[in-house]
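Residue-level structure breakdown
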Amino acid sequence: MDAGTMVLQLMLSGLTVGAIYALVAVGFVLIYNVTGVLNFAQGEFAAVGALTGAWLSMRGLPLWVCVVLAVLVAAAVAAGVERAVVHPARQSRPMTVIMLTIGAGMALRGAALLVFGTDPLAMPMFTEGEPISIGGATILWQTVWALVLCLLFFAALVFFFEKTYTGKAVRANVMNRFAARLYGIRPTTLSFWVFVVGGAVSGLAGVVVAPITGATYDMGLMLSMKGFVAAVIGGLNNAAAAVVGAVLLGVVESLATGLLSSGYGDVISFALLLAMLLVRPSGLWSRAEGKRV
Amino acid sequence: MAVRVKTRRYIGMIAVSVAALALLAWGASPYWLSVLNVIGLYTVVAVGLSLLMGYAGQVSLGHAGFYGMGAYVAAVLSTRLGWNGWLTLPAAVLLTMAVAWVVGRPAVRLREHYLAMATLGLGMVFHIVMVEWEAVTGGSSGIVGIPALAVGPWTVEGERAWLILTWGAAAMALAMAYSLVTSPIGRALRAIAGSEAAAEALGIPASRYKLAVFVLSAGFAGLAGALYAFYVTFVSPSSFGVMMSIQFVMMVVVGGGHRLWGAPAGAATLVLLGEGVKAYLPALLPGAGGEVQLVFYGLLLIAILLLKPDGVLTGWATWRRKRSGEHARAA
Amino acid sequence: MGRLRALMSIGLWPLLLAVLVAGCAAPATNTGGSSGGETGGPEPAQGPPSGPASGSIPVGVIVSVTGAASTLGKPERDTLLMVAEEINAAGGIGGKKLELFVYDDESDPTKAVLALKKLLNEHKVVTVIGGTTSTSSLAMIPEIERAQVPFLSLASDMRIATPVKKWVFKVAQGDDLVVPKLLAYLQKRGIRNVAWMNSANDYGEGGKREFEAQAKRYGITAVGFATFKADDKSMVPQLTNLRAKRPEALLVYTTVPSGAIVAQNARQLGYDIPILQSNGIANKAFIEQAKEAAEGVIFTAGKLLVADQLPDSDPQKPILLAYRQAFEAKYNDPANTFGGHAWDAIQMLVAALKAGATEPAAIRDYLERNIQQFVGVTGVFTFTPEDHNGLKEDALVLIEVRNGAWKLLEP
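First things first, this report covers the structure right here in the doc. (Residues numbered from 1 in each chain as written. Chains lettered and ligands numbered in written order. Predicted model: local features only at pLDDT ≥ 70, side-chain atom pairs only at ≥ 80, totals over all residues. Heavy atoms only, no water.)

Attention now goes to the overall build of chain A. Looking only at helices and strands, one finds eleven helices and two strands in chain A. For chain A, the proportion of its 293 residues judged to be buried stands at 62%. Total accessible area on chain A stands at roughly 10,800 Å², and carbon and sulfur atoms take up 69% of it. When the 16 basic and 11 acidic side-chain charges of chain A are each reduced to a single mean position, those positions are 20 Å apart. (Helix = DSSP H or I, 4+ residues; strand = E, 2+ residues; numbered from the N terminus. Buried < 20%, exposed > 50% of the residue type's maximum accessible area, 1.4 Å probe, protein only. Areas by Shrake-Rupley, 256 points an atom, 1.4 Å probe, with all protein chains shown as cover. Lys, Arg positive; Asp, Glu negative; His and termini not counted. Charge placed at Lys NZ, Arg CZ, Asp CG, Glu CD.)

Here it is, written out as structure tokens:
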């Protein structure tokens, strides 16, 4: 394997991980922009999706049913968290609400442990078969799935916000809460639905990653953190930038780990990303101030 | 004048707290003393963090890294290089502050969430270094057999002796923080927390102040970490992960980030909540193991944050204000 | 000017503390012995436990039911509760019930130490079982030695029982047994150049330390090392890097799920060299997750997984089958070797208690003198004053994954 193939392999692997981070990061950005809440239970929603999907598939249900149910359950859990925790605290300081989402994450983790136990659950790949070979490097079919689903979700998002009336209304709400109220949009309703969508996309992330890494009750914390980092790299106010941030994070991590040092790979990638943030202190490309979804 | 009155009240509060602690120390079992010691150590970290969050308006998700760094400096110097324990304490504090200065200098230029992310990354980096730099840190297995703090024949041993150290450090941190926030620097910090742009317009060098508070809070964390190393006589990376950083922030928020007394209150709430869930839940719910405890811990935390969104001291503060209000009217 | 004064007044406080501590340290920290009560440390538990324990025997348990090591800690706790229940249902020991005080350390050594103090001071336990992780076990040892209460550690780090500590016993097979078994297999196959991967935690590092110490003796050199974090999502980068170094075999020291991810990633990259893993993957979740990639993976573990394939002459066979049957009937979950460590620990304690040793010192002496050829789930133990682990390498077997099942390679 020559150096070129090696780099290609590392980049493809980074793409896999990046696609997973991206799905979590997009949920982060969506929820943050509409509600102003940094939701650190985001990774927990992914864990719920992964565990539900894997558990159902081990009971012999058809794969697509598992995926759909996993996404629905994750969305329902997110909705529950919004109603039980975020909604009652809508007048509190942002920091208090962030801590509330962390508390909710803990409770979810404990509940997942009670329901699913400690052993990792396995899930079949969406498409069986040999890995795809590209110029000597290989990539799993599951990665293709992750990328395709990521793009599909993203396209749906763009369509919703640019082409539908409700989507435009949501954007109005993000830009000006008061004006949005005048048009009959209730921020609390919006908060609920954005959690549903954010939970669903995280659940999707979970169920896509489950075949690759297995599903464990404690996989959420790490996903929350990486999703947050990716979202911040992207500027936190732009879903497209968050996706790019996530892929960048995945690829840099992979290259640093594979080429430089397996132990210090994450240190190197973090240093690079921080250096980049210093050069562009408001994220990759937020040219203008102000929020966008 | 107002400051003088407030100072006197604070001295009174400190005296009351010391008396209460002494009483507790006298009557409590070694287990409860160890709980008090842990609260004391966490208080030191939380005080620094509440300065950073409540007064400079910055969040750090990496303070467990500084806490761990202090612990490792103390552990490495005392075991590998044979330093006297007491000498490692200032070394740990200074080194932690130096590192905080180096990494904080660019980081404080970042806006709120970027600083949170940068410190989160920093905490992860410290954690990785603790794990990977095996030759010095002993890797994941950590460093065992840290000698007791001693000068000549005098050794700090036993929970009661430790109580003086941990709460002495906590009192020192509180007093330093109090001096800081009542000084002109404190007023400048509050201006920065209010609006950085406005503060800069007034000629306050916001980044420099933020950096100073960041470095100070890292120093507190380093001190607490060094004491922790001698207290537990053992360090390993698993005590200094991301979750610990979050716990520290949680302590500040639960205590009410904008007042210094929130730090000990938040530290005590979280530690007692954890211990309480372990002690009483199995009695109430037979067979409730760690899984159930985790659920309840999360739920109770949510309940506290929902009922006391401005910190557990809220009710008490209003009561005091009301009382002092009546007092003023009577006078 | 004002700022300078402020800085001075801030700086004053540490000085004040230093003076205060210097003043207080002398009387309060005297350990000269004359004022033993002053030190406040737990009193050595001498004599039979007093107070609430009159009708029961209090035993302390500290395991990681939650957190990173929960895969290990949960079966440990479940096993201990199961055995205690069995014994109490049969009338207890000498008319006394076994009372377990179980604490979850959340895989955090600080919490383990706090829980230990509580067990010693509040519950006056006669023995402590636990320390799921090596770090928790190691962190508890100083307090254990001070309190003089026997401690049966469930973790694998060699340093727990080497050098021997008076009150500490270890029931898990150490890396010092697991690694040589793997090396001997490689040597027999004539493999010399290997690549080594381990998870960056105490388990993985324990294996690496042992590998580096022993590889040369078996004529084996490492062409490359790599680590990964146990919660990493992909080990392709590490494997890509290692493959360029042309190893003849890959050694992986980790637990599930990361062990399964490594196997899958290696298959994806087209690795065609033997893959050897450790007892950390001795869990059915490994096969379920790695699927075809698990095929052909060889690892060293205790005999529990392949109990029914053992020859009838194996002294452990009946115990293994009985434990597995009991655990699986009660919890509807496959038994694993970690629960087996807990089984051994509590059975040893029960043996001591049944022999009339009910005080900490007597229990310790019994364990050291009378645990001879003790047949357990982990292996056959013989404790001596020089050996508080007491296992030989016959406690381990080589297992291969074949057709989605465990296959005993050699008895």
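All right, on to the interface of chain C and chain B then. Interfaces are often described in size by the accessible area the parts lose on coming together. Contacts between the two partners involve 51 residues from chain C, matched on the other side by 55 residues from chain B. Both sides of the chain C and chain B interface together cover about 4,400 Å² of buried area, and 63% of this is carbon and sulfur. Where chain C meets chain B, there are three salt bridges. Where Glu106(C) meets Lys278(B), a salt bridge forms, and the shortest distance between an N and an O atom there is 2.8 Å. (Contact = heavy atoms within 4.5 Å. Buried area = accessible area lost by both parts, 1.4 Å probe. Salt bridge = Lys/Arg side-chain N within 4 Å of Asp/Glu carboxyl O.)

On to the interface of chain C and chain A, then. The interface of chain C with chain A comprises 35 residues on the first partner and 39 residues on the second. For the pair chain C and chain A, the summed buried area comes to about 2,900 Å², and 57% of that belongs to carbon and sulfur atoms. Three residues stand out in chain C for area buried against chain A, namely Lys233(C), Pro237(C) and Gln268(C), and they jointly supply 25% of the buried area on that side. Scanning the region where chain C abuts chain A turns up two salt bridges.

Counting 249 residues, the largest nonpolar core has Phe228(A) and Val235(B) as its most contacted members. Per-element tally for this core: the top contributor is helix 10 (residues 206-232) of chain B, with 19 residues. Ignoring any residue separated from it by four or fewer positions in sequence, one finds Phe228(A) in contact with Phe28(A), Leu38(A), Phe40(A), Leu61(B), His113(B), Ala116(B), Met117(B) and Leu120(B). Tyr185(C), Ile275(C), Tyr323(C) and Leu398(C) belong to the second-largest nonpolar core, a separate cluster that totals 104 residues. (Core = buried A, V, L, I, M, F, W, Y, C linked by side-chain atoms within 4.5 Å.)

These values are about where atoms sit, not about what they do.
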